[in-house]
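Here are the chains, one letter per residue:
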Amino acid sequence: MPARTDHDARRRDVSAAVWRVLAEHGFSGLTLRAVAAEMGASTGLLTHYFPSKHALISHALEIAEERTENRPRRAAEAGRDVLRAAVLDVLPLTPDAAQMNHVWVSSWDGALADAERRTAERARYRRWRSRLRPLVIAAQERDELRAGDPDDLVATIAAFTHGLVVQALFDPRAFPRKRQVALADAFLDDLS
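Keep in mind that what you see is a predicted model, and the values were worked out from it rather than measured.

Chemist: How do you make sense of the overall build of the protein when you look at a structure like this?
Modeler: Looking only at helices and strands, the protein has 9 helices and 0 strands in total. Secondary structure elements of the protein, listed N to C terminal, follow the sequence α-α-α-α-α-α-α-α-α. The dimensions of the protein, computed from C-alpha atoms along their principal axes, are 70 × 35 × 30 Å. Each of the 192 residues in the protein was classed as buried or not, and the buried ones make up 39%. Within the protein, residue pairs in contact and separated by at least 24 positions form 62% of the contacts whose partners lie at least 6 positions apart.

Chemist: Explanation requested: the pattern of salt bridges in the structure shown.
Modeler: Opposite charge on two side chains permits them to pair, given that their charged atoms come into close proximity. Across all of its chains, the model carries 7 salt bridges by this definition. For Arg84, the salt bridge is made with Asp185, and the minimal N-O distance between the two is 2.5 Å. One end of the pair, Arg84, is in helix 5 (residues 80–90); the other, Asp185, is in helix 9 (residues 177–190), and 101 residues separate them in sequence. Residues Glu144 and Arg142 are paired through a salt bridge, measuring 3.2 Å at the closest nitrogen-oxygen approach.

Chemist: Help me understand the packing of helix 5 against helix 7 (residues 115–141) in this model?
Modeler: Each packed pair of helices is defined by two parameters, the angle between the axes and the distance between the axes. Where helix 5 meets helix 7, the closest approach of the two axes is 8 Å, and the angle between their N-to-C directions is 150 degrees. If you check the angle between helix 5 and helix 7, you find them roughly antiparallel. For the crossing formed where helix 5 meets helix 7, the hand is left-handed. Residue-level contacts link Arg80, Val82, Leu83, Ala86 and Val90 of helix 5 to Trp128, Leu132, Leu135, Val136 and Ala139 of helix 7.

Chemist: Which parts of the structure should I look at to understand the packing of aromatic side chains?
Modeler: Two numbers describe a pair of aromatic rings. These are the distance of the centres and the angle of the planes. Summed over all chains, the structure comprises 2 aromatic pairs. With 4.0 Å between their ring centres and 5 degrees between their planes, Phe160 and Phe187 make a pair best called stacked. Placement of the pair is Phe160 in helix 8 (residues 150–170) and Phe187 in helix 9, with a sequence separation of 27 residues. Of the residues examined, Phe160 reaches a relative accessible area of 22% and is grouped as partly exposed. Positioned above the aromatic ring of Trp104, the side-chain terminus of Arg124 is 3.6 Å from the ring centre. Cation over ring: Arg179 sits above Phe175, and NZ or CZ is 4.5 Å from the ring centre.

Calculation rules
Residues numbered from 1 in each chain as written. Predicted model: local features only at pLDDT ≥ 70, side-chain atom pairs only at ≥ 80, totals over all residues. Heavy atoms only, no water. Helix = DSSP H or I, 4+ residues; strand = E, 2+ residues; numbered from the N terminus. Buried < 20%, exposed > 50% of the residue type's maximum accessible area, 1.4 Å probe, protein only. Contact = heavy atoms within 4.5 Å. Salt bridge = Lys/Arg side-chain N within 4 Å of Asp/Glu carboxyl O. Axes fitted to C-alpha atoms, helices over the stretch in contact; angles between N-to-C directions. Parallel < 35°, antiparallel > 145°, perpendicular 65-115°, else oblique. Left-handed = near helix turned anticlockwise from the far one by under 90°. Phe/Tyr/Trp six-rings, centres within 6.5 Å; stacked < 30°, edge-to-face > 60°. Lys NZ or Arg CZ within 6 Å of the ring centre and 35° of its normal.

Structural data, given as structure tokens:
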């Protein structure tokens, strides 16, 4: 009788292959065939774990969310410095951060076309803004950020940050690490 396959280990192998395909080709290149080829396996093996492309994409988004939540973050003392660290943590300042941002930005097209994914993306943005909100309030209380509706400031910070992410992904030579940090600092100075 053949040994029983370790399904958890196989699923981790599949997840790693999904991530490599996403990092290289984005969501438009994420197919059962591409993941199977990345693993050196048959699509039949893959369909055992993911019966459809929709299931594969759902799993890929779970992986991206998990990697986002578990990534190392910058340490900061208090107030505006913590907010600055949170902004810098989102920017594509390292190859890993650029890869993560590439995956997320490539997922937006599908999210706009699929109600379920659009709802999940909306929830993800709400979670991000809810994490930024207490940082904004703390900086306001220390007079390190201008007074005003914290929700408006959070929305402005989120919009600026992702705008800079997109520019840096499309034109990394024009937006190297040093310039991204300088632009983020100048933006936060303008909010002070």
